[in-house]
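# What the coordinates show
Residue-level listing of the chains:
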Amino acid sequence: MKTLVVYYSFDGNTRLIAQAIAETAGADVLELRTQDQPQSKGFSKYFWGGRQVFMKVRPALLPLDKDPAVYDLLFIGTPVWAFAPAPAMSSFLEKTAIRGKRVAVFCCSGGGPGRTLGRMAEILAADNVIAGRMHFVEPRRSPQVSADKARQWAKEVLVL
Ligand SMILES: Cc1cc2nc3c(=O)[nH]c(=O)nc-3n(C[C@H](O)[C@H](O)[C@H](O)COP(=O)(O)O)c2cc1C
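This one's a predicted model, so the numbers in the text were calculated from it and none came from an experiment.

Reading the values: rules and limits
- Numbers given for residues are sequential positions, taken from 1 along each chain in its written order.
- Two thresholds apply to this predicted model, a pLDDT of at least 70 for residue-level local features and 80 or more for giving and counting side-chain atom pairs, whereas whole-chain, interface and lining totals are computed over all residues.
- With hydrogens and water set aside, each side-chain value is computed from the structure's full complement of heavy atoms.
- Secondary structure elements are taken from DSSP: a helix is a run of H or I of four residues or more, a strand is a run of E of two residues or more, and numbering for both begins at the N terminus.
- Partly exposed residues are those whose accessible area sits between 20% and 50% of the maximum for their type, while under 20% is buried and over 50% is exposed, using a 1.4 Å probe and protein chains only.
- When checking whether two residues touch, look at their non-hydrogen atoms; a contact exists if any pair is within 4.5 Å.
- Throughout this description, a polar contact denotes any pair of N or O atoms lying within 3.5 Å of each other; where both atoms belong to protein, one of them has to be capable of donating a hydrogen while the other can accept it, and for residues adjacent in sequence the pair is counted only when both atoms sit in side chains.
- Only a single heavy atom is needed: when it lies within 4 Å of a molecule or strand, its residue is near that molecule or strand.
- Points on a 1 Å grid over protein atoms alone make up a cavity when a 1.4 Å probe fits among them but cannot get out, and a pocket when they form an open set with protein on both sides within 12 Å along at least five of seven lines; lining residues each have an atom within 4 Å of a point.
- To qualify as sitting in a cavity or pocket, a molecule needs more than half of its atoms within 2 Å of the grid points.
- In this classification, the charged set is Asp, Glu, Lys and Arg, the nonpolar set is Ala, Val, Leu, Ile, Met, Phe, Trp, Tyr, Cys and Pro, and all remaining amino acids, among them Gly, are polar.
- Following DSSP output, two strands are said to pair if at least two bridges run between them.
- Grid points are joined across faces, edges and corners, and a volume is the space filled by probe spheres set on the points.

As for its placement among the helices and strands, E31 is situated in strand β2 (residues 28-31). Using a relative accessible area of 17% as the deciding quantity, one classes E31 as buried. Linking E31 and S9, residues 22 residues apart in sequence, is a C-alpha distance of 7.9 Å. The residues contacting E31, other than those within four sequence positions of it, are Y7, S9 and R15. Side-chain polar atoms of E31 contact the side chain of R33, separated by 3.1 Å.

Structure, rendered in C-alpha cells:
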C-alpha cells in the first residue's frame, strides 16, 4: 500500500506530526507551500491569516512535488486557523482531485479543532473513505508525547 502524508504548516507543529506519521507509515511526504508567505512569525500572523480565512482567500500553492493520485492512503493535516482549515489546505482540497482513496485527516491547534476536521471530511467523503480523524494541541510544546500519539494513531489507521 502506497501512503502519502500531505500537510501545511506555518510554525512547525503540523510538520512535527506529519513527520512522525510518515516514519511510522513508511510514507512519502508532500508539504504544501504557498507562493505568498510572510516572513513574520510575530503576532501579525493572526491578522494576516485570520483575514484570509474570513475573506475565503485561496492562496496559490507552489507546484506539488508528489502526485496524490498514485497513492492508496493519504494522511492530510493542517493547522486550525479561525476554527477552520488553513487557507493553503483549502486551496489544496478544492483544487486537487482526490478520489477512491482511504483518507485520514488531522489538525493542530491551540484550543479545539472547531469545524476543521468536519470541513475536511465533508470535502473528501463524497469520493473517498474517511479512515480516521485526529486532533493535536500545540505539538511543539510536548514533542515526544505528541509524536507518540501520532505514531499510535497512524498504526491504528494502517491496520483498519
Ligand atoms: C492565523 C491563525 C489563526 C489561528 N486560529 C486558531 C483557532 O481558531 N483555534 C485554535 O485553537 N488555534 C488557532 N491558531 C493556532 C494554531 O492552530 C496552532 O498554533 C497550530 O498548532 C499551528 O500549527 P503549525 O505550527 O503547523 O502552523 C491559529 C493560528 C494562526 C496563525
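So, on to the site of the ligand. By nearness alone, 21 residues border the ligand, and S9, T14, V80, G111 and E138 come closest of all. Residue C108 places a main-chain N or O atom 3.3 Å away from an oxygen atom belonging to the ligand. More than half of the atoms belonging to the ligand lie within 2 Å of the grid points that define the largest pocket. Only α1 (13-25), α2 (44-54), β3 (73-81) and β5 (102-109) provide two or more residues apiece to the shell around the ligand. Broken down by element, the shell around the ligand gets its largest block of residues, four residues, from α2. Its residues assigned to classes, the shell around the ligand shows eight nonpolar, 10 polar and three charged.

On to the pairing of strand β1 (residues 3-7). Counted residue by residue, β1 has five buried out of five residues, so it is predominantly covered. Residues of β1 alternate between two faces, with T3, V5 and Y7 on one and L4 and V6 on the opposite face, all of them buried. Note: β1 against β3, five bridges, orientation parallel. Within the sheet, the bridge partner assigned to Y7 lies in β3 and is G77. As paired elements, β1 and β2 share four bridges and run parallel to each other.

Turning next to the layout of surface pockets. Of the pockets and cavities examined, the largest pocket occupies roughly 620 Å³. Lining the largest pocket are 22 residues, and of these K45, Y46, V80, W81 and E138 lie nearest its centre. Mapped onto the lining of the largest pocket, the elements with two or more residues apiece are α1, α2, β3 and β5. Sorting elements by how many residues they give to the lining of the largest pocket places α2 first, with four residues. Its residues assigned to classes, the lining of the largest pocket comprises eight nonpolar, nine polar and five charged. The calculated volume of the second largest pocket comes to roughly 210 Å³. What lines the second largest pocket is simply V53, F54, K56, R58, A84, P85, P87, S90, R115 and R119. Those elements giving two or more residues to the lining of the second largest pocket turn out to be α2, β4 (84-85) and α3 (87-95).

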